[in-house]
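# Architecture at a glance
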Amino acid sequence: MAKLRWGVIGAGGIAERRTIPGMMNANNAELVAVMEINMELAEKCRAKWDCKKAYDNVEDLLADPEVDAVYIASPVWLHAQQAMAAADAGKHILIEKPLAMTSEEGEKVVAYCKEKGVKIAAGLMMRFGAYVQAMKKAIAEGKIGKVVSGYSQFTCWYPDMPGAWRQSKKMGGGGAMMDMGVHCIDLMQYISGSKVKEVAAFQDTLSFNYEVEDSSMVMMRMENGAQCVVQSNFNIPDEAAKWRVEFFGDQGRLVGENVIGQIDGGTLDALFCGEVGGYDAQQNTKDVKGEAIEVTFGDMYTREIESFGNSILNHLPLEVPAEEAVQVQKVMEAAYRANEQKTVVVL
């Protein structure tokens, strides 16, 4: 089988924990080179994954003729310049979210890549979760009728840490919403098949002392009329977390618990009522039980890498084009404005 030859820019962090292991299991991928900020770190990464080459700068990795595509997992403030440099070198790009510091900058990156003839996809890997795919399919098939309500929550414990770039607005662009809520906003749109058209929001720093928000709630009216809420937090203990994605329609429900995150799993409670009759004053739901939907769990990162590789090797459209990450960033920017202005922002 043909394989896409990869270089990784920023081989620590999420790349080391999840994406590179997923890449190693992908049947159409070969890890050729890794890059970290100094050669000692780069060599450790190279040895760990038994790949050919290690670099301590982006320029040398991009000049490597054996690299076909790059995965960019550096801090957000570096994304745009590194993506455009990769485009200059003719490398296809999978880039972590958010694509750039602003949606305007992201649009410039996408346009630049198109001009240079390279493909760029966003690292919204949760789309490849087994239950996420099952929920999307059920809604597309009308199993819960017209979607009227959606909710998602994604959290972690992220206390004050000197030098942490995600706690700096200048380096990360935002806090809990920008880092975690981005996935949930994307999934609200992706699963429901409807885009956000109006946004209201609350953003606060309630528990810690850094300048970005540790608590976020975004309220969204979708184009199909559904009312959706996304909550993201840096101040909920990991042991207490319940990572949820839920949709209710006028003919049923899809309630997913721990179906998002970095590991494919969780539970999905589905109830398909069909056409509902008249008003029932009893409203007794105690004995109503949902049904299980059978899925096959796997590695979301492997699926992400294989999907990207399939698009490049077989000249097919990307499953997660970077343009969609830019649109999600516009929703987040609208949420920040809505909080600051205490108003509803129309996209």
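This text goes with the structure placed above it.
Just so we're clear, the structure is a prediction, and the values are computed from it rather than from any experiment.

### A few points about the sheet that holds strand β6 (residues 120-122)
Here we have 6 strands laid out as an open sheet, ordered β3-β2-β1-β4-β5-β6, and parallel in their pairing. Taken across any chain shown, the strands that pair with only one partner, and hence form the sheet edges, are β3 (53-55) and β6. Taken pair by pair, the neighbouring strands of this sheet meet at an average axis angle of 25 degrees, ignoring direction. Pairing analysis gives 3 bridges linking strand β5 (residues 92-95) to β6, with the strands arranged parallel.

### Re helix α6 (residues 130-140)
Since there are 3.6 residues in each turn of an α-helix, residues three or four apart along the chain are aligned in direction. Residues Ala130, Tyr131, Val132, Ala134, Met135, Ala138 and Ile139 constitute the buried set of α6. Buried-residue contacts for α6 involve β7 (147-155), α8 (176-192), β11 (244-249), β12 (252-257), β13 (267-272) and α9 (300-313). Among the residues trailing α6, Gly142 stands out with phi positive, at a value near 75 degrees.

### Topic: the packing of aromatic side chains
As enumerated under the stated definition, the model contains 7 aromatic pairs in all. Seen in terms of ring centroids, Tyr131 and Phe297 are 5.4 Å apart; in terms of plane orientation they differ by 80 degrees. Their pairing is edge-to-face. Placement of Tyr131 in helix α6 and of Phe297 in the loop between β13 and α9 is noted, with a sequence separation of 166 residues between them. Clustering of aromatic rings is evident, with ring pairs tying together Trp157, Tyr158, Phe208, Tyr210 and Phe234.

### Describing the side chain of Glu213
Along the polypeptide, Glu213 turns up in the loop between β8 (196-204) and β9 (215-222). Setting aside residues no more than four positions away along its own chain, Glu213 makes contact with Gly174, Gly175, Ala176, Met177, Met178, Gln203, Asp204, Thr205, Phe234 and Tyr336.

### Topic: the sheet that holds β12
The strand order across the open sheet built from 8 strands is β13-β12-β11-β7-β10-β9-β8-β14, with neighbouring strands paired in mixed fashion. Sheet topology places β13 and β14 (345-346) at the edges, where each strand pairs with a single neighbour. Across 7 bridges, β9 lies against strand β10 (residues 227-233) in antiparallel orientation. Note on β10: the bridge partner recorded for Val218 is Val230. Lying on the sheet, α6 is in contact with β7, β11, β12 and β13; it crosses β13 at an angle near 10 degrees. The strands touched by helix α10 (residues 322-341) within the sheet are β8, β9 and β14, with β8 carrying the most contacts at an inclination of about 55 degrees.

### Brief notes about the packing of helix α1 (residues 13-24) against α9
At a closest axis distance of 7 Å, the pairing of α1 and α9 adopts a crossing angle of 60 degrees. The pairing of α1 with α9 is recorded here as oblique in orientation. Remark: the crossing between α1 and α9 carries right-handed chirality. Contacts from Ile14, Arg18, Thr19, Gly22 and Met23 in α1 reach Tyr301, Thr302 and Ile305 in α9. When the residues that make up the contact of α1 with α9 are grouped by side-chain class, the tally is 4 nonpolar, 3 polar and 1 charged.

### Quick notes on the pattern of salt bridges
Should the charged atoms of two oppositely charged side chains come close, the side chains can pair. What the rule picks out here adds up to 19 salt bridges. A salt bridge links Lys53 to Glu66; the shortest N-O distance between them is 2.9 Å. Here the residue Lys53 occupies a position in strand β3, and Glu66 occupies one in the loop between α3 (58-62) and β4 (69-72), the gap between them amounting to 13 residues. By relative accessible area, Lys53 is classed as partly exposed at 22%. Looking at Glu66, the relative accessible area reads 24%, which means it is partly exposed.

What counts, and where the lines are drawn
- Residues numbered from 1 in each chain as written.
- Predicted model: local features only at pLDDT ≥ 70, side-chain atom pairs only at ≥ 80, totals over all residues.
- Heavy atoms only, no water.
- Pairing = 2+ DSSP bridges.
- Helix = DSSP H or I, 4+ residues; strand = E, 2+ residues; numbered from the N terminus.
- Axes fitted to C-alpha atoms, helices over the stretch in contact; angles between N-to-C directions.
- Buried < 20%, exposed > 50% of the residue type's maximum accessible area, 1.4 Å probe, protein only.
- Contact = heavy atoms within 4.5 Å.
- Phe/Tyr/Trp six-rings, centres within 6.5 Å; stacked < 30°, edge-to-face > 60°.
- Parallel < 35°, antiparallel > 145°, perpendicular 65-115°, else oblique.
- Left-handed = near helix turned anticlockwise from the far one by under 90°.
- Nonpolar A, V, L, I, M, F, W, Y, C, P; charged D, E, K, R; others polar.
- Salt bridge = Lys/Arg side-chain N within 4 Å of Asp/Glu carboxyl O.

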